[in-house]
Amino acid sequence: GGWGTVVGQGAGDNALNMAGAADAIVENIVVDPNNTNNGIIGASNRMIVRLVKAQDTNGNSYQFSSSVPVGILILGCAFLGNSNGLYLSGGNRCRVVGTYNQNSGVNLQIIDGSPADNVLTGNVFQDGSYSTSGANDVYVGNRIDGGFSAAASATYAANDVEAF
């Protein structure tokens, strides 16, 4: 257990590509692309990413952009990138719970269109900026550094939005 296992790649590669890995569980590892590209990229239906630390990314710590993935659970992870944190585009019904995000770029980006019905609760988003527009998303009990706005159809309650 723990973060003793480090997964990384050489220049220009993503540390971990999970595209098409239905029902996969990724847990208890450090994803370190060594300042080259993305940490975890790709997703599939019902994938679980639990207790993973993605660090030193020049791209996104965690990124998926496809119209296929549904029901993804991201639980208790730390995303510590040089660029962007969570980048969700094209997935539905994702749950992001208890993550710590500190990135110099965009900490949370949920793109127009396909993303819908996501739930984000109990997360800390420190530094960086935020861009969300997922339809019918739920943001409850998050600690967010600085301003934040969500789509008109989103539920946004009990979030602490203060610089820290």
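Residues numbered from 1 in each chain as written. Predicted model: local features only at pLDDT ≥ 70, side-chain atom pairs only at ≥ 80, totals over all residues. Heavy atoms only, no water.

### Here's the deal with the sheet that holds strand β16 (residues 124-126)
With parallel pairing, 8 strands are arranged side by side in an open sheet as β1-β4-β7-β10-β13-β16-β19-β21. In this open sheet, the two edge strands, each paired with only one partner strand, are β1 (6-7) and β21 (160-161). The pairing of β1 with strand β4 (residues 30-31) spans 2 bridges and is classified as parallel. Opposite V6, over in β4, you have V30 as the bridge partner. (Pairing = 2+ DSSP bridges. Helix = DSSP H or I, 4+ residues; strand = E, 2+ residues; numbered from the N terminus.)

### Quick word on the side chain of Q126
Inspection of the secondary structure assignment puts Q126 in strand β16. The class of Q126 is buried, set by a relative accessible area of 16%. Polar side-chain contacts of Q126 include one of 2.7 Å to the side chain of Y100. (Buried < 20%, exposed > 50% of the residue type's maximum accessible area, 1.4 Å probe, protein only. Polar contact = N/O pair within 3.5 Å; in protein donor to acceptor, adjacent residues only side chain to side chain.)

### Focus: the environment of A22
Along the chain, the position of A22 falls in the loop between β2 (16-17) and β3 (25-27). Remark: the alpha-carbon pair of A22 and I48, spanning 26 residues in sequence, is separated by 9.8 Å. Ignoring sequence-local partners within four residues, the contact set of A22 consists of S44, N45 and R46. (Contact = heavy atoms within 4.5 Å.)

### Observations concerning the environment of N45
Within the element layout of this structure, N45 appears in the loop between β5 (40-41) and β6 (48-50). Its relative accessible area of 21% is what places N45 among the partly exposed residues. Each C-alpha atom, one on N45 and one on A19, is 9.8 Å from the other, the two residues being 26 residues apart in sequence.

### Details of the sheet that holds strand β15 (residues 119-121)
Across the sheet, which stays open at both edges, the 7 strands sit in the order β3-β6-β9-β12-β15-β18-β20 with parallel pairing between neighbours. Single-partner strands in this sheet number two, and they are β3 and β20 (155-157). Strand-to-strand twist in this sheet, taken as the mean axis angle between neighbours without regard to direction, amounts to 5°. Note: strand β12 (residues 95-97) against β15, 3 bridges, orientation parallel. Opposite V97, over in β15, you have T121 as the bridge partner. (Axes fitted to C-alpha atoms, helices over the stretch in contact; angles between N-to-C directions.)

### Quick look at the nonpolar core
The biggest cluster of nonpolar side chains holds 30 residues, and the ones touching the most others in it are Y62 and I74. When sequence neighbours within four positions are dropped, the list of residues in contact with Y62 reads I40, G42, A43, M47, V49, I72, I74, F79, G85, L86, Y87 and L88. (Core = buried A, V, L, I, M, F, W, Y, C linked by side-chain atoms within 4.5 Å.)

### Side note on unusual backbone geometry
Positive phi values are uncommon outside glycine, yet N28 reaches one of about 55°. Even without being a glycine, A158 presents a positive backbone phi close to 55°. Take A158: it is sitting in the loop between β20 and β21. A158 gets classed as exposed once you look at its relative accessible area, which sits at 69%.

### Structural notes on the side chain of K53
Tracing the backbone shows K53 in strand β7 (residues 53-55). Within the local environment of K53, its side chain forms a polar contact with the side chain of Q55, the two groups lying 3.4 Å apart. Residues within four places of K53 in sequence aside, it is in contact with W3, I29, V30, V31, A78 and L80.

### Some points on the pattern of salt bridges
Evaluation of the coordinates by the stated rule reveals 3 salt bridges. For E27, the salt bridge goes to R50, with nearest N and O atoms at 2.8 Å. Of this pair, E27 sits in strand β3 while R50 sits in strand β6, and the two are 23 residues apart along the sequence. Judged by its relative accessible area of 25%, R50 falls in the partly exposed class. D160 serves as the salt-bridge partner of R143, at 3.1 Å between the closest nitrogen and oxygen. Of this pair, R143 sits in strand β19 (residues 143-144) while D160 sits in strand β21, placing them 17 residues apart in sequence. (Salt bridge = Lys/Arg side-chain N within 4 Å of Asp/Glu carboxyl O.)

Honestly, that's just the spatial picture; any functional story needs more than this.
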